Amino acid sequence: MDPSLETPRLLLTPLTLGDVGTLRALMIDPDVRRWAAEGRVLSEARVRYLTLRSLATFQRHGTGAFGLRLRAGGAFVGYAGLLPAHAPEGGLELGAGIWPRYWRSGLASEACRAVLDDAFGRLGLARALACADAPNFRSLALIARLGFRQIRTAPGTFGAIRWFVRERP
Ligand SMILES: CC(C)(COP(=O)(O)OP(=O)(O)OC[C@H]1O[C@@H](n2cnc3c(N)ncnc32)[C@H](O)[C@@H]1OP(=O)(O)O)[C@@H](O)C(=O)NCCC(=O)NCCS
């Protein structure tokens with residue numbers, strides 16, 4: 001079954017190895033990598049590994065990381081999706097990264113809502129996790145907008161990392 005999703009403004013398709021160059025360009029943007037990669041400039045090999053991890057997640061869980069493209073014109077906007085969580089309880093963790101020129105247009109919310117609706121609905125996922133560095137106010141606002149509640153804080157590169165959960169509605 002094709003796991004691709006559609007929203008009013010976006011097409012969401014599973015990231016593939018053909019997206020590695022496009023994805024790396026986004027992930028090394030200074031405003032994106034600050035939070036999505038703890039400031040590091042990820043190598044192409046690392047982005048390839050992350051993409052393979054997403055493809056394996058689609059095989060195992062039916063969901064993973066999606067590339068986001070505008071329905072009007074097809075421009076690559078960013079990524080959003082669920083990947084195995086770096087958390088003691090396991091499960092899947094929501095992540096997203098959008099080119100800064102598209103920030104504050106609601107596209108990240110639109111994509112994340114579609115990913116969560118699909119996971120809670122079609123896939124019957126019981127809960128999703130999310131986390132953000134305490135100073136990453138845009139990510140925290142997105143997580144709040146999506147209806148997550150905080151469960152704990154943990155130490156992180158930028159002070160605290162705040163962890164959240166959202167249960168199936
Ligand atoms: C985290 C990130 C994805 C959030 O992006 P964002 O654009 O702020 O998030 P949203 O899509 O929810 O946009 C919400 C904003 O769009 C505005 N907006 C404009 N048009 C809108 C519309 N049609 N629908 C909804 N919101 C709209 C909202 O009012 C809100 O504005 P505000 O910031 O003034 O409150 C983005 O900042 C990013 O890529 N950061 C770098 C990577 C990162 O930190 N990733 C997360 C940690 S891994």
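Rules of the game
Starting afresh in each chain, residues are numbered from 1 along the sequence in its written order. Side-chain atom pairs in this predicted model are given and counted only at pLDDT of 80 or more, local residue features only at pLDDT of at least 70, and totals for whole chains, interfaces and linings cover all residues. With hydrogens and water stripped out, all remaining heavy atoms of the structure feed into the side-chain values. Think of it this way: one heavy atom of a residue within 4 Å of a molecule or strand is enough to make that residue near it. Polar contact is defined as a pair of N or O atoms within 3.5 Å, subject to the rule that within protein one atom must be able to donate a hydrogen and the other to accept it, and that residues adjacent in sequence are counted only when both atoms are side-chain atoms. To measure how exposed things are, a 1.4 Å probe is used in the Shrake-Rupley method; for residues, cover is taken only from the protein chains shown. Secondary structure elements follow DSSP: runs of H or I of four or more residues count as helices, runs of E of two or more count as strands, with numbering from the N terminus. Three categories are distinguished: nonpolar for Ala, Val, Leu, Ile, Met, Phe, Trp, Tyr, Cys and Pro, charged for Asp, Glu, Lys and Arg, and polar for the others, with Gly belonging to the last. The contact criterion used is simple: two residues touch if any of their non-hydrogen atoms lie within 4.5 Å. UniProt positions are given in the numbering used here, feature names are shortened, and annotations may be inferred rather than shown by experiment. Only strands that DSSP links by at least two bridges are regarded as paired with each other. To estimate the expected span of a helix, subtract one from its residue number and multiply by 1.5 Å. Think of it in three bands: with a 1.4 Å probe and only protein chains considered, a residue is buried below 20% of the maximum accessible area for its type, exposed above 50%, and partly exposed in between. Interaxial angles span 0 to 180 degrees and are taken between N-to-C directions of axes, which are lines fitted to C-alpha atoms, for helices over the stretch in contact. Any angle between 65 and 115 degrees counts as roughly perpendicular, while under 35 counts as roughly parallel, over 145 as roughly antiparallel, and the rest as oblique. Crossing handedness follows the turn of the near helix against the far one: under a right angle anticlockwise gives a left-handed crossing, and clockwise gives a right-handed one.

Draft legend 1. Spatial organisation of the site of the ligand. The ligand sits among 19 residues. The nearest are A96, I98, R104, S109 and R145. Within the backbone of S105, an N or O atom sits 3.4 Å from an oxygen atom of the ligand. Between the ligand and S109 there is a distance of 2.3 Å, counted from an oxygen atom to a side-chain nitrogen or oxygen. Coverage of the ligand by the protein chains reaches 71% of its 970 Å² of free accessible surface. At the level of elements, helix 2 (30-36), strand 5 (92-98), helix 4 (107-120) and helix 5 (137-145) are the ones that each hand at least two residues to the shell around the ligand. In terms of residue class, the shell around the ligand is built from 8 nonpolar, 6 polar and 5 charged.

Draft legend 2. Broad picture of the environment of L68. Along the chain, L68 falls in strand 3 (residues 65-70). For the pair L68 and E6, spaced 62 residues apart in the sequence, the C-alpha separation amounts to 9.5 Å. Look past the residues within four positions of L68 in its chain and what remains in contact with it is L10, L11, L12, A75, F76, V77, G78, Y79, A80, I98 and A111.

Draft legend 3. Representation of the UniProt feature "domain: N-acetyltransferase" (unreviewed entry) in the protein in the model. Residues annotated in UniProt with the feature "domain: N-acetyltransferase" (unreviewed entry) correspond here to residues 10-168. For residues 10-168, the helix share is 35%, the strand share is 32%, and the end-to-end C-alpha distance is 23 Å.

Draft legend 4. Structural view of the pairing of strand 3. The pairing of strand 2 (residues 10-14) with strand 3 spans 5 bridges and is classified as antiparallel. When the bridges of strand 3 are listed, L10 appears paired with L70. Bridge analysis of strand 3 against strand 4 (residues 76-84) gives 5 bridges, and the strand direction is antiparallel. Across the sheet, the residue bridging to L68 is G78, located in strand 4.

Draft legend 5. Layout of helix 4. An ideal rise of 1.5 Å per residue puts 20 Å on 14 residues; helix 4 measures up with 20 Å between its terminal C-alpha atoms. Among the 14 residues of helix 4, 12 are classified as buried, and the element is accordingly described as predominantly covered. Of the positions making up helix 4, those classed as buried are L107, A108, S109, E110, A111, C112, A114, V115, L116, D118, A119 and F120.

Draft legend 6. Spatial organisation of the packing of helix 1 (residues 20-27) against helix 3 (residues 44-61). At their nearest, the axes of helix 1 and helix 3 sit 9 Å apart, and the two run at 110° to each other. In terms of their interaxial angle, helix 1 and helix 3 are classed as roughly perpendicular. Relative to helix 3, the crossing made by helix 1 is right-handed. From helix 1, V20, L23 and R24 reach across to helix 3, where they touch E44, V47, R48 and T51. A class-by-class count of the residues in the contact of helix 1 with helix 3 yields 3 nonpolar, 1 polar and 3 charged.

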